Amino acid sequence: TRQISSSSRALLHEVVPYFDLLTHHVDRFVNDDTLLPSVRAAAKRARAILDRYYQKTDETFLNRASMVMDPRKKLSYFQAQEWPEEWVSEAVDLVKTEWRDNYKPRVVPAIAAATDRVPTTAPKPGRRSANAAVGTDTSGSAGIASA
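Residues numbered from 1 in each chain as written. Predicted model: local features only at pLDDT ≥ 70, side-chain atom pairs only at ≥ 80, totals over all residues. Heavy atoms only, no water.

Labelled according to an unreviewed UniProt entry, the chain appears under the name hAT-like transposase RNase-H fold domain-containing protein, originating from Lentinus brumalis.

Before going further, it helps to examine the overall build of the chain. Helix and strand content of the chain: 8 helices and 0 strands. Along the chain, helices (α) and strands (β) appear in the sequence α-α-α-α-α-α-α-α when read from the amino end. Burial statistics for the chain: of 147 residues in total, 20% are counted as buried. Long-range contacts, defined here as pairs at least 24 residues apart, represent 46% of the contacts in the chain between residues at least 6 apart. As displayed, the chain offers around 11,500 Å² of accessible surface, 57% of which is attributable to carbon and sulfur atoms. (Helix = DSSP H or I, 4+ residues; strand = E, 2+ residues; numbered from the N terminus. Buried < 20%, exposed > 50% of the residue type's maximum accessible area, 1.4 Å probe, protein only. Contact = heavy atoms within 4.5 Å. Areas by Shrake-Rupley, 256 points an atom, 1.4 Å probe, with all protein chains shown as cover.)

Turning our eyes to something else, we now look at the pattern of salt bridges. Applying the stated criterion to the full structure yields 8 salt bridges. Residues Asp33 and Arg40 are paired through a salt bridge, measuring 3.3 Å at the closest nitrogen-oxygen approach. The salt bridge partner of Asp70 is Lys73, with a shortest N-O separation of 3.6 Å. Asp70 sits in the buried class, given a relative accessible area of 5%. (Salt bridge = Lys/Arg side-chain N within 4 Å of Asp/Glu carboxyl O.)

With that settled, consider the packing of aromatic side chains. The tally for this structure, following the rule as stated, stands at 4 aromatic pairs. Residues Phe19 and Tyr54 carry aromatic rings whose centres are separated by 5.0 Å and whose planes lie at 15 degrees to one another, so their mutual orientation is stacked. Taken as a pair, Phe19 in helix H2 (residues 15-30) and Tyr54 in helix H3 (residues 37-55) lie far apart in primary sequence, 35 residues in all. Side by side, Phe19 and Tyr54 carry an identical accessibility label, which is buried. When the ring of Tyr77 is compared with that of Phe78, the centres are 6.4 Å apart and the planes differ by 75 degrees; the resulting orientation is edge-to-face. You'll find Tyr77 and Phe78 in the same group, each marked buried. (Phe/Tyr/Trp six-rings, centres within 6.5 Å; stacked < 30°, edge-to-face > 60°.)

The next point concerns unusual backbone geometry. Residue Lys74 is not a glycine yet carries a positive backbone phi of 50 degrees. The residue Lys74 is located in the loop between helix H4 (62-69) and helix H5 (76-80) in this model. Unlike most non-glycine residues, Glu82 shows phi in positive territory, near 55 degrees. Relative to the helices and strands, Glu82 resides in the loop between H5 and helix H6 (85-103).

Turning next to the packing of H4 against H6. For the pair H4 and H6, the least separation of the axes is 9 Å and the interaxial angle reads 90 degrees. With respect to H6, the element H4 is oriented roughly perpendicular. Contact residues: Arg64, Ala65, Val68 and Met69 in H4; Glu90, Ala91, Leu94 and Val95 in H6. Looking at the contact of H4 with H6, its residues break down into 6 nonpolar, no polar and 2 charged. (Axes fitted to C-alpha atoms, helices over the stretch in contact; angles between N-to-C directions. Parallel < 35°, antiparallel > 145°, perpendicular 65-115°, else oblique. Nonpolar A, V, L, I, M, F, W, Y, C, P; charged D, E, K, R; others polar.)

With that settled, the discussion passes to the packing of H2 against H3. Packed helix pairs are characterised by how far apart their axes lie and by the angle those axes make with each other. Packing of H2 against H3 leaves a shortest axis separation of 8 Å and a crossing angle of 160 degrees. With respect to H3, the axis of H2 lies roughly antiparallel. In this structure, H2 crosses over H3, and the sense of that crossing is left-handed. Residues Val16, Phe19, Asp20, Leu22, Thr23, Val26, Asp27, Phe29 and Val30 of H2 lie in contact with H3, whose contacting residues are Val39, Arg40, Ala43, Lys44, Ala46, Arg47, Leu50, Tyr53 and Tyr54. When its residues are assigned to classes, the contact of H2 with H3 shows 12 nonpolar, 1 polar and 5 charged. (Left-handed = near helix turned anticlockwise from the far one by under 90°.)

In structure tokens, the structure reads:
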């Protein structure tokens with residue numbers, strides 16, 4: 001908790017690890033038979049509240065994606081916490097899908113790119129272009145000069 005309260009900014013890739021840390025800490029109180037029943041009951045209630053908010057991290061892909069994209073963590077955090085393989089695969093798939101659907105550059109076929117060329121200079125209205133006067137149309141191909 002010292003790290004959380006002393007931080008000058010919240011970072012998204014730290015949300016899930018903080019939840020895991022807090023959950024582990026509360027679970028120690030829940031399972032400690034030497035504590036008073038009221039303390040253990042309060043810990044159980046705290047765990048229920050943590051679970052409710054932890055589930056909200058699944059409402060957006062951003063929490064898991066930020067952890068996968070963090071160069072210091074990548075998938076090592078998930079593996080160290082012994083997350084089920086299907087959860088890890090889902091996190092990776094979410095990142096891949098987001099990349100493919102929203103960030104991956106679109107491939108423009110070469111034929112379409114060649115036909116989309118726009119002349120750098122257009123002839124003035126009412127005048128023939130210089131190219132037309134010498135027997136070339138404005139597209140750059142040889143042709144018959146028009147009058």
